[in-house]
Amino acid sequence: MALLELRGFGVGFGATRISGIDLTVEPASMLAVVGRGDGATSLLALAIAGLLPNGAKAEGRLSFSGKRVLYLDRESDAAAVLADAELIVADEPGRGRDPATQLELLTALQAASRTAAVIIFTADFRLALSMGLEVAVLANGRLLLRAPASQIFELPQYDTVRHLVGGERLRTRTMMRPPIGEPILEVDGVSRTYRRGLPRLGPPPVEALTGIGFAVRQGEVVGVLGPAAAGKTTLLRLVAGLDKPSAGRIGRRPGLVGYVFPDPRKAFNPTLPVGVSLTEPLRVEQTLLVEEQADRLVDAVRAVGLAPELLARPPGAFGMGELQRMALARALVGRPGLLLLDDPTACLDPAEAREFLVYLTRVRADFGLTAIVASREFAVVKAVADRLLVLEAGHIVEGGKPGELSDAPQQEITRRLVSMRYPPPVRHADEPVKALDEQAGLAVVVAAAALTAVEQLTAGAARAEPVPGADQVAATVLVDAEAVVAAPSTILADGPTPPLHGGGPPTDSVAEPEPALISEPAARPDAEPAQVAAPAPEPELIPEPEPEPTHNLSATIVIAPVVLAEPEVPAPAEPVATPEPQPLLAEIVEDVAAASTAAADEPAPLRPEGSEVQTPPEPEVQSSAEPIAPPSGDGADEAAEGGKAQAAVDGTVDAAGSIDDPDGKTAG
Amino acid sequence: MSATPPPRGRLQAGSGVALAAIIALLALISLVWTPHGGVPGSATALAEPGAAHWLGTDQTGRDVVSALMSATLTSLLLAWFATLVSLVVGIPLGTLLAARLGPGATRQLVLIGILPAALCLGAIFGGLRLQTTLSVFLAIGLPGAIAATIGSRSIMAPVLAAEYVAAARLAGLGWLGAGQRHVVPMVLPGLIALGLDLLAAALLIEVTLSFAGLGVDGSGLSLGTMLRDGQQLAQARPLLVVAPGAVAVVTALALLMAASGLRETRRGIA
């Protein structure tokens with residue numbers, strides 16, 4: 001008998017409404033309910049835990065046959081996981097806590113799921129993915145589907161699912177960056193101490209910052225990476241002039257400073273339309289004509305992908321992601337000499353964070369920004385910064401390029417921040433990508449979707465206990481660095497037969513040179529093989545009619561469903577759960593134009609010529625009852641983005657300018 | 001989150017203000033007109049309530065309704081000026097503290113807490129033989145100023161530290177512009193509510209001090225002195241005590257209700 005059963009369950013509270021929820025949870029199981037960070041998941045969590053606030057209206061049936069429910073919120077830690085509960089409801093467990101605490105909590109939850117049913121409510125799809133959980137997706141107040149996390153990659157027919165899945169990694173690409181020039185900010189030996197209580201009588205003063213020194217040059221984006229309470233906010237406030245240093249000197253070129261705060265809800269006066277707040281930076285420039293002011297306003301708002309009509313709304317009418325982009329627009333209106341961003345993605349869900357960073361990268365190019373970005377997440381600073389400073393307990397402990405820090409972190413704190421991940425430790429596709437970088441001698445523009453696919457494979461490999469019924473098969477991911485450098489480039493993965501969808505449109509729809517296929521791993525002794533295992537995908541494939549939703553896509557992957565005539569795979573370098581290894585051929589084609597020009601054709605399996613392979617039967621195309629959502633409002637932007645990215649690739653071999661997150665370690 | 005205040009707070013604030021305004025209006029009318037002039041000896045002493053004297057007359061032959069109107073005016077004026085002084089001293093001090101030290105530990109000030117302090121001060125000033133009205137004024141004003149300082153600090157601090165204020169400062173508006181645009185509109189309702197609270201407390205303090213003989217001097221007419229004088233005849237003519245007591249309590253409650261309603265409308269708006 002099911003431990004928890006919801007039938008046609010719904011609940012409404014304020015503007016948040018969920019309805020028609022059918023959900024069954026068995027004892028001693030683990031489920032992740034993934035939704036946007038809009039309160040709907042939290043409301044459902046509260047409803048299941050029986051903790052609905054006053055004024056919440058519930059309907060339908062919710063039956064719980066156990067005795068004790070344990071409710072955990074984001075503040076709870078591992079000590080709160082008690083053994084005697086039959087149902088554990090965890091709302092954003094460990095979100096915003098430091099990685100070690102979160103890891104401990106999630107591990108405890110995993111252990112508890114041997115005896116109790118554990119439901120994790122989160123906006124972070126990566127959590128479910130890396131823990132290999134079964135996922136129920138909550139979108140627009142309804143449960144869309146329920147499937148193992150790794151499979152959701154293959155079922156991209158739901159807009160929201162794709163949105164959530166897309167939020168899995170932060171990826172942006174710098175375009176036409178302004179040349180880096182003279183220093184415009186010099187911070188020299190700056191310290192800031194806070195006195196507590198009366199001088200000499202109270203407790204000793206707190207040192208928030210000690211001996212900080214660095215410079216920021218024109219056109220440069222410096223990332224400040226540090227855990228909570230490391231002094232990031234203090235540093236930015238000092239630089240902005242909102243606070244005075246206790247010692248040291250801050251030299252800044254005169255001019256406006258743009259500032260983006262962590263919580264956009266607090267950064268706007270709640271009683272004024274956002275448009276009023278956005279005009280503030282223009283008031284100092286008395287010389288500007290009214291038309292020019294309006295132009296500046298509209299420019300800034302458009303640059304962050306929002307409609308000028310939204311300016312008449314109060315901040316409460318915005319979602320967090322949009323409001324934070326409005327905050328970015330406000331910072332841009334005054335054409336600041338220096339832009340400071342204080343943990344700008346802290347309050348955003350992963351998809352919103354990704355959008356924000358995409359727009360930030362874009363305005364950086366458009367406005368020629370100089371900026372300091374502080375964050376506790378490596379993926380965030382890595383995505384936008386040229387150079388990082390690692391801040392710990394008020395000291396700069398390390399600095400360098402993002403790649404240097406992730407490859408060879410010198411400090412423990414850097415190592416921790418760079419490798420933040422969820423349990424169980426998942427084997428990511430780092431190795432092949434790094435090998436590719438090294439061999440090519442370039443930071444190669446790696447196809448984003450390819451990484452998604454590779455990671456999907458690895459996520460399946462890392463599942464600690466195979467889900468009963470789901471076949472575990474081995475796959476080999478081969479990377480040929482040379483092939484990647486020469487576009488179209490190729491990543492090969494041998495694995496199971498049914499097609500995987502990397503998210504990109506099929507190459508058939510675009511006139512591109514045939515990709516160089518490598519079907520025999522043995523034929524390429526120079527390539528570095530990395531062994532990963534993939535779960536057997538579901539036999540059904542849903543067509544992917546839209547262009548890859550990723551912004552500024554720099555390449556497209558096509559994973560061809562190919563069965564090798566001889567299913568021989570080299571022995572995996574690392575032991576993985578591989579009952580019956582089957583080869584799968586995955587191939588990446590670096591294909592920028594496809595992102596912008598791909599038509600919404602029916603995908604057809606790629607039939608590579610001249611390779612010793614057989615194609616599998618046509619995948620059964622499921623005519624989904626769910627209407628395919630129209631492209632999001634950003635579609636045009638994405639297309640434009642793709643075009644720009646193409647220009648960047650065509651024009652220069654500035655592959656080093658690409659910033660991606662091959663590690664896929666951190667986001668949100 | 002919503003910018004529209006909940007109607008309950010508005011209704012509450014509106015009723016409180018309306019009630020207090022009616023009482024204040026009646027008190028002000030006493031300057032130009034009262035039913036019977038309110039002069040001692042103008043009528044039979046201790047007359048029963050009736051058509052001629054709605055609430056009867058007191059032992060000096062004064063019409064109680066007329067006396068109440070004048071007494072309310074005296075009490076309100078005393079409380080008003082003492083509160084004004086409290087706010088004029090307290091708000092700048094509180095703002096300074098908020099700007100320098102941030103929010104204090106006390107979020108909500110229990111205004112009733114200033115009563116004992118005020119009574120002690122009233123007794124001390126009485127012992128010092130200060131002019132009695134001045135002593136009431138000081139007894140209310142001094143603890144009131146402290147209360148206003150603490151109260152306004154807790155109102156100002158979160159707004160001064162608000163990120164939208166910082167954003168306005170960085171946008172080039174400076175403290176002055178940011179204060180005008182963001183701080184003042186945001187804190188004004190809270191400060192008004194604080195003033196209304198203080199006014200209610202001041203009224204009750206005046207009544208208490210005068211009742212104890214430490215307030216408005218013997219010949220003066222306030223709600224407190226009316227209570228004191230009526231008390232001797234409370235057995236025979238309970239109305240002489242009930243009427244001024246009721247006016248004092250209802251006025252104070254109306255002010256507190258207005259203050260609380262005003263705060264209610266601002267709930268959820270930081």
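Being a predicted model, the structure only gives us computed values, none of them experimental.

## Describing the sheet that holds strand 11 (residues 183-194) of chain A
Residue and element names in this part refer to chain A.
- The three strands are arranged 12-11-14 in an open sheet whose pairing can be described as antiparallel. The outermost strands of the open sheet, each flanked by one partner alone, are strand 12 (206-217) and strand 14 (247-252). Going from strand to strand, the sheet's axes swing by 15° on average, the running direction of each strand aside.
- Here strand 11 pairs with strand 12 via eight bridges, running antiparallel. In the sheet register, Val 187 faces strand 12, and the bridge partner there is Phe 214.
- Against the sheet, helix 6 (residues 232-240) makes contact with strand 11, strand 12 and strand 14, and its axis sits at roughly 125° relative to strand 11, the strand it touches most.

## Observations regarding the packing of helix 2 (residues 64-101) of chain B against helix 4 (residues 132-160) of chain B
Residue and element names in this part refer to chain B.
- For the pair helix 2 and helix 4, interaxial distance at closest approach is 6 Å and the crossing angle is 35°. The element helix 2 and its partner helix 4 pack so that their crossing is right-handed.
- Within the contact of helix 2 with helix 4, the residues separate by chemical class into 22 nonpolar, ten polar and one charged.

## Comments concerning the packing of helix 8 (residues 274-283) of chain A against helix 5 (residues 163-211) of chain B
- Close contact between helix 8 of chain A and helix 5 of chain B brings their axes to 7 Å; oriented N to C, the two are set at 30°. Classified by the angle their axes make, helix 8 of chain A and helix 5 of chain B are roughly parallel. Mapping the contact onto sequence places A:Ser277, A:Glu280, A:Pro281 and A:Arg283 in helix 8 of chain A and B:Tyr164, B:Ala168, B:Ala171, B:Gly172 and B:Leu173 in helix 5 of chain B.
- Class assignment of the residues belonging to the contact of helix 8 of chain A with helix 5 of chain B gives a composition of five nonpolar, two polar and two charged.

## So, helix 6 of chain A
Residues and elements named next belong to chain A.
- Burial within helix 6 is extensive, with eight of its nine residues counted as buried.
- Along helix 6, the residues classified as buried are Lys 232, Thr 233, Thr 234, Leu 235, Leu 236, Leu 238, Val 239 and Ala 240.
- Where helix 6 terminates, the next one or two residues include Gly 241, which has phi positive at roughly 85°.

## Looking at the interface of chain A and chain B
- Taken together, the 21 residues of chain A in the interface contact 17 residues of chain B.
- Here the element with the most residues in the side of chain A that touches chain B is helix 8 of chain A; it accounts for four residues.
- Here the side of chain A that touches chain B is composed, by residue class, of twelve nonpolar, five polar and four charged.

Rules behind the numbers
- Residues numbered from 1 in each chain as written.
- Chains lettered and ligands numbered in written order.
- Predicted model: local features only at pLDDT ≥ 70, side-chain atom pairs only at ≥ 80, totals over all residues.
- Pairing = 2+ DSSP bridges.
- Helix = DSSP H or I, 4+ residues; strand = E, 2+ residues; numbered from the N terminus.
- Axes fitted to C-alpha atoms, helices over the stretch in contact; angles between N-to-C directions.
- Contact = placed C-beta atoms within 7 Å.
- Left-handed = near helix turned anticlockwise from the far one by under 90°.
- Nonpolar A, V, L, I, M, F, W, Y, C, P; charged D, E, K, R; others polar.
- Parallel < 35°, antiparallel > 145°, perpendicular 65-115°, else oblique.
- Buried ≥ 20, exposed ≤ 12 C-beta atoms within 10 Å, placed from the backbone.

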